[in-house]
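Structural overview
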Amino acid sequence: MARIIVVTSGKGGVGKTTTSAALAMGLALRGHRTAVVDFDVGLRNLDLIMGCERRVVYDFINVINEEASLRQALIKDKRCEDLFILPASQTRDKDALSKEGVGKVLEELSGDFDYVICDSPAGIEKGAFLAMYYADDAIVCTNPEVSSVRDADRMIGILSSKSRRSELGEEPVTEHLLLTRYDPKRVSKGEMLSVDDVLEILALPLLGVIPESQAVLSASNEGVPVILDEKSDAGQAYQDAVSRYLGEDLPHRFIAEKKGLFGRLFGG
């Protein structure tokens, strides 16, 4: 059975879809058969970031409504044979999602995949709730700023009280923190919360710190998960996050401010 992972945040614009795409690609490249599901019904961005928007024929809602089979709707990634994408619908609203329908699709996916990643929409409405309801693991994304951290804290509360695991009295959802768009220079100027500040508020195990990077925008525009950009700090940070998720103990490389040659020589 697959491990179901929800990527969530509460606040929009913190990099959930970028993270879902990167994590899915990273797991698949390591030989784990992985499906990533877009829960953002009505908007749909995952297919753009994965570069498969022109290949969408059927979507998540078609499968729930039994208008298409899961096999028909899943899109196989052209770069990695172990990665599949289930896109959201652009023409329906979130009411088209149902707990029973989502559960049935995730159960079917669980029989064929090692990991199923649920790319949650922003907010705490129906789509976000259903994306997290069946989760085994949660990756809570936040930017290092107060409103984003507060919204992430709200999602942590919902995960602990309204998931299927909590309702059944099972082991709680395993939660991880991913800090995105981190800029050590702005932290040193007091313009952003530090890693320690965020950890003190949220008290979750730190999966990764993704630095602010132009590579993220460039990769999104090109339809390529940024984890494939191995030369970029962001790509390397996502690779490290995948390694930590799989149990490796790695240091966090992108927390401290980088110093130039003179800074290294003279400590400035």
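Structure first, text after, so check above.
Please read all numbers here as calculations on a predicted model, not as lab measurements. Numbers given to residues run from 1 along each chain, matching the order in which its sequence is written. Restriction of local features to residues with pLDDT of at least 70 applies here, the model being predicted, together with a cutoff of 80 or more for giving and counting side-chain atom pairs; totals for whole chains, interfaces and linings are based on all residues. Hydrogens and water molecules were not included; the side-chain quantities draw on all heavy atoms of the structure.

Here the focus is the overall build of the chain. The helix and strand labels rest on DSSP assignments: H or I over at least four residues marks a helix, E over at least two residues marks a strand, and numbering proceeds from the N terminus. Scanning the chain for helices and strands turns up 13 helices and eight strands. Radius of gyration: C-alpha atoms only; globule rule: 2.2 Å multiplied by the number of residues to the exponent 0.38. Computed over the C-alpha atoms, the radius of gyration of the chain is 18 Å, within 12% of the 18 Å expected from 2.2 N^0.38 for a compact globule of 268 residues. Along the longest, intermediate and shortest principal axes, the C-alpha atoms of the chain span 65 × 40 × 35 Å. Between buried and exposed lies partly exposed: a residue is buried under 20% and exposed over 50% of the maximum accessible area for its type, with that area taken using a 1.4 Å probe on protein chains only. The buried share of the chain, reckoned over its 268 residues, is 54%. Residue contacts follow a heavy-atom distance rule, with two residues in contact if any of their heavy atoms lie within 4.5 Å. Sequence separation of 24 or more characterises 74% of the internal contacts of the chain that already satisfy a separation of 6 or more.

Our focus in this paragraph is helix H5 (residues 99-110). Multiplying 1.5 Å by the helix residue count minus one yields the expected span of that helix. Taking 1.5 Å as the rise per residue, H5 with twelve residues should run 16 Å; its terminal C-alpha atoms sit 16 Å apart, in good agreement. Three or more residues of H5 are buried, namely Gly-101, Val-102, Gly-103, Val-105, Leu-106, Leu-109 and Ser-110.

Now for the packing of aromatic side chains. To pair, rings of Phe, Tyr and Trp, with the six-membered ring standing in for Trp, must have centres within 6.5 Å; the planes then decide the type, stacked if under 30 degrees apart, edge-to-face if over 60, and tilted in the middle. Here the structure, examined in full by the defined rule, presents five aromatic pairs. Centre to centre, the rings of Tyr-115 and Tyr-245 are 5.8 Å apart; their planes meet at 70°, and the pair counts as edge-to-face. Of the two residues, Tyr-115 is situated in strand S5 (residues 115-119) and Tyr-245 in helix H12 (residues 233-245); the sequence distance between them amounts to 130 residues. For the pair formed by Tyr-115 and Tyr-245, the shared burial category is buried. Each ring, one from Phe-129 and one from Tyr-133, has its centre 5.5 Å from the other, and the planes form 45°; the classification is tilted. Remark: Tyr-133 and Phe-129 occur in helix H6 (residues 126-133); sequence separation between them is four residues, near one turn of the helix.

We now examine the pairing of strand S4 (residues 83-86). Residues Leu-83 and Ile-85 line one face of S4 and the alternating positions Phe-84 and Leu-86 line the opposite face, and both faces are buried. By the convention used here, strands pair only if DSSP detects at least 2 bridges between them. Counting the residues between successive antiparallel strands, the hairpin from strand S3 (residues 75-76) to S4 contains six residues.

Moving on, we come to the layout of surface pockets. The rule is simple: put a 1 Å grid over the protein atoms alone, call a set of points where a 1.4 Å probe fits but cannot get out a cavity, call an open set with protein on both sides within 12 Å along at least five of seven lines a pocket, and count a residue as lining if it has an atom within 4 Å of a point. Grid points are joined across faces, edges and corners, and a volume is the space filled by probe spheres set on the points. What the largest pocket holds in volume is close to 610 Å³. Elements that contribute at least two residues to the lining of the largest pocket include exactly helix H1 (16-29), helix H2 (46-49), strand S7 (174-182), strand S8 (206-211) and helix H11 (214-222). Under the grouping applied here, Gly and all other residues not named as nonpolar or charged are polar, the nonpolar ones being Ala, Val, Leu, Ile, Met, Phe, Trp, Tyr, Cys and Pro and the charged ones Asp, Glu, Lys and Arg. For the lining of the largest pocket, the class distribution of residues is eleven nonpolar, ten polar and five charged. For the second largest pocket, the calculated volume is near 250 Å³. Contributing to the lining of the second largest pocket are 13 residues, with Met-1, Ile-4, Tyr-134, Asp-136 and Arg-164 lying nearest its centre. For the lining of the second largest pocket, the secondary-structure elements that each account for two or more residues are H5 and helix H8 (164-168).

As a further point, take the side chain of Asp-77. Locating Asp-77 in the fold gives a position in the loop between S3 and S4. Engagement of the side chain of Asp-77 in a polar contact is seen with the side chain of Arg-79, the distance being 2.6 Å. We call two N or O atoms a polar contact when they sit within 3.5 Å, provided that within protein one can donate a hydrogen and the other can accept it, with sequence-adjacent residues counted only if both atoms are side-chain atoms. Among the polar contacts listed, one links the side chain of Asp-77 to the backbone nitrogen of Cys-80, at a separation of 3.1 Å. Filtering out sequence-adjacent residues up to four positions away, Asp-77 remains in contact with Met-25, Met-50, Arg-55, Leu-83 and Ile-85.

Side-chain atoms within 4.5 Å are what join buried Ala, Val, Leu, Ile, Met, Phe, Trp, Tyr and Cys residues into a set we call a nonpolar core. In this structure, Phe-39, Phe-60, Leu-86, Leu-97, Val-102 and Leu-109 are the most contacted members of the largest nonpolar core, which totals 51 residues. For this core, the element with the highest residue contribution is helix H7 (residues 146-162), accounting for six residues. Aside from chain neighbours lying at most four places away, what touches Phe-39 is Phe-60, Leu-97, Val-102, Cys-118, Asp-119, Ser-120, Pro-121, Gly-127, Leu-130 and Ala-131. Counting 38 residues, the second-largest nonpolar core is a separate cluster that includes Val-14, Ala-21, Tyr-115 and Ile-117.

Let us now look at the packing of H6 against H7. For the pair H6 and H7, interaxial distance at closest approach is 10 Å and the crossing angle is 55°. Comparing the axis directions of H6 and H7 gives the class oblique. In this structure, the crossing between H6 and H7 has a hand that is right-handed. In this structure, H6 contributes Phe-129, Met-132 and Tyr-133 to the contact, and H7 contributes Met-155, Ile-158, Leu-159 and Lys-162. When grouped by side-chain class, the residues that make up the contact of H6 with H7 number six nonpolar, no polar and one charged. Lines fitted to the C-alpha atoms define the axes, with helices restricted to the stretch that makes contact. Angles between their N-to-C directions range from 0 to 180 degrees. Angle categories: roughly parallel below 35 degrees, roughly antiparallel above 145, roughly perpendicular from 65 to 115, and oblique for all the rest. Helix crossings fall into two classes, left-handed where the near helix is turned counterclockwise from the far one by less than a right angle and right-handed where it is turned clockwise.

Looking now at unusual backbone geometry. Most peptide bonds take the trans configuration, and most residues that are not glycine carry a negative phi. Although it is not a glycine, Arg-181 sits at a positive phi angle of roughly 55°. Within the secondary structure, Arg-181 is located in strand S7. Residue Arg-181 is classed as partly exposed on the basis of its relative accessible area, which comes to 40%. In this structure, Ala-203 takes a positive phi of about 50° despite not being glycine. Along the chain, the position of Ala-203 falls in the loop between helix H10 (195-202) and S8.

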